[in-house]
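What follows is the residue order along each chain.
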Amino acid sequence: MVITKSRLVLGATAVAVSTIAVAGLGIHCRGQALFQSSPKELIDEVWQIVNRQYVDGSFNQVNWQAVRQEYLSKSYGDKQTAYKSIREMLKRLGDPYTRFMDPDEFKNMQVDTSGELTGIGITISQDEKTKQLVVIAPIEDTPAFKVGILARDVILEINGKTTQGMDTNRAVSLIRGEPGTKVRLKISRNGKTKIFDITRARIEIHPVKFSQKQTPAGNIGYIRLNQFSANASKEMRGAIENLEASLVDGYILDLRGNPGGLLYTSIDIARMWLDKGTIVSTIDRQGEKQREAARDRALTDKPLVVLVDKGSASASEILSGALQDNKRAMVVGTQTFGKGLVQSVRPLRDGSGLAVTIAKYHTPAGRDINKHGIDPDVVVDLTDAQRQNLWVKEREKLATLEDPQFAKALDILGKEIAKNP
């Protein structure tokens, strides 16, 4: 299979909105007829894709050939039975990011090209060790964000149903719903449980927000990137060009709470800041490296500081790692989420879909950040209470001198600007 850029994503499962663009979607009548006559064909199709593409040639020490024989030897009376077997088969890999989606779940993974989505506005992942469902980050200005859901919150129950043993697809189905309806989440945070009643809504997402700030450090361009969606590159380019025309002295790029998204969007944006150097290396099952590099097309060479936190994941870590390793920017904040895997997403014959982990990525310096994250150059920790106050209750303080992480970034940026008057 040819893997197109639109199919490469960075391992975050979106609950309230989708961060994945998938080519060639749609339920095909011919495929449905084939499936109804032989559900084993779909099971074998899934097996074959994993067999060809999975990042680990040992299949995480699983005898993948024996798995095929086991599941093709069974009888399947209906498609739901086959779907259940496919999920069981993939579970043998122990990889929460390689997952099957039935037709309804697969449609939920599409990016809405209009930019208007329905849900509560969180992205989730399954912890590889504990198997718990964990919030990567709430998306800014969404219902989940406004009620105070935080990165690293553990989801214990959804509408009274325990999430123990629940995969992310099932969680997606339970959390999604019609605008105006409510979903109740029971959350564990630092050993304490909290209940959140969240009203679902239509969500319009603009991934980039920017402003010009007159500060003691100079005329600063502030850019906040919320997620790496399909239109983020265009909006980032527009923000930089606008701020360059305003003759800013330097930039603060805020990636806090950004859960990631499309791989090639992160590469495109990195090229806007870098003239030279490697951006990211992807490593497949043969250990081969595909390096993405800058192309001498940076839009600015002015001093840059990047803000990150524990909600900065996947594509955010590619961008911040590239800027850090190439000495293009100082990184300020807290250790990031630690998600360094790349998935290919593709439709199957009956309108269902499959996400397969096909590669891992390294930063330009060769760092494998999976399960570790990016370590900031300057650590500025916030407690959960401080973060909730800053991001939810007292939003007017965000990106001001009363925001400790922004204040430190501004201090560092001022010193860099002074070096190059």
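Remember, predicted model here, so these are calculated numbers, not experimental data. (Residues numbered from 1 in each chain as written. Predicted model: local features only at pLDDT ≥ 70, side-chain atom pairs only at ≥ 80, totals over all residues. Heavy atoms only, no water.)

The next point concerns the pattern of salt bridges. All told, the structure shown has 23 salt bridges when counted by the stated rule. The shortest N-O distance in the salt bridge between Arg68 and Asp44 comes to 2.7 Å. With Arg68 in helix α3 (residues 64-72) and Asp44 in helix α2 (residues 39-53), the pair connects residues that are 24 residues apart, well separated along the chain. Exposure remark for Arg68: the relative accessible area of 26% places this residue in the partly exposed category. For the salt bridge of Asp254 with Arg224, the shortest nitrogen-to-oxygen distance reads 3.4 Å. Of this pair, Asp254 sits in strand β14 (residues 250-254) while Arg224 sits in strand β13 (residues 218-225), and the two are 30 residues apart along the sequence. Residue Asp254 shares its accessibility class with Arg224, and that shared class is buried. (Salt bridge = Lys/Arg side-chain N within 4 Å of Asp/Glu carboxyl O. Helix = DSSP H or I, 4+ residues; strand = E, 2+ residues; numbered from the N terminus. Buried < 20%, exposed > 50% of the residue type's maximum accessible area, 1.4 Å probe, protein only.)

A few words on unusual backbone geometry. Phi at Lys131 is positive, roughly 65°, even though this residue is not glycine. Positive phi is not limited to glycine here, since Asn190 has a value of about 55°. Positionally, Asn190 belongs in the loop between β9 (182-189) and β10 (192-199).

Among the seven residues of strand β19 (residues 341-347), seven are classified as buried, and the element is accordingly described as predominantly covered. On β19, burial covers both faces: Leu341, Gln343, Val345 and Pro347 on one face and Val342, Ser344 and Arg346 on the other are all buried. In the sheet, β19 pairs with strand β20 (residues 353-362) via seven bridges, with the strands oriented antiparallel. Residue pairing for β20: Pro347 is matched across the bridge by Gly353. Following β19, the chain reverses through five residues before pairing antiparallel with β20; Gly351 in that reversal takes a positive phi of roughly 95°. (Pairing = 2+ DSSP bridges.)

For helix α8 (residues 232-245), built from 14 residues, the straight-helix expectation of 20 Å at 1.5 Å per residue is met to within 8% by its first-to-last C-alpha distance of 20 Å. Residues of α8 that are buried include every one of Ala232, Ser233, Met236, Ala239, Ile240 and Leu243, and no others. Down the axis of α8, the sector holding all buried residues measures 125°, keeping them to one side. Turned more than 90 degrees away from the buried face of α8 sit Lys234 and Ala245, all of them exposed. (Expected span 1.5 Å × (residues − 1). Arc of directions from axis to C-beta.)

What follows concerns the sheet that holds strand β21 (residues 378-379). Reading across from one edge, β12-β13-β14-β17-β18-β21 is the order of the six strands in this open sheet, with mixed pairing throughout. Looking at which strands have only one partner, the edges of the open sheet turn out to be β12 (208-215) and β21. Summarising the sheet, β14 and strand β17 (residues 304-308) pair through four bridges and their orientation is parallel. Paired with Ile252 across the two strands is Val305, which belongs to β17. Its contacts with the sheet put helix α12 (residues 404-419) on β12, β13, β14, β17, β18 (330-333) and β21, and the angle it makes with β17 is roughly 165°. (Contact = heavy atoms within 4.5 Å. Axes fitted to C-alpha atoms, helices over the stretch in contact; angles between N-to-C directions.)

It is worth spelling out the packing of aromatic side chains at this point. Counted according to the given criterion, the structure contains six aromatic pairs. Plain terms: the ring middles of Phe59 and Trp64 are 5.7 Å apart, the flat faces sit at 15° to each other, and that makes the pair stacked. This pair shows no difference in class: Phe59 is buried, exactly as Trp64 is. Geometrically, the ring pair formed by Tyr83 and Phe100 is tilted, given 5.0 Å between the ring centres and 45° between the ring planes. (Phe/Tyr/Trp six-rings, centres within 6.5 Å; stacked < 30°, edge-to-face > 60°.)

In short, geometric facts, not functional conclusions.
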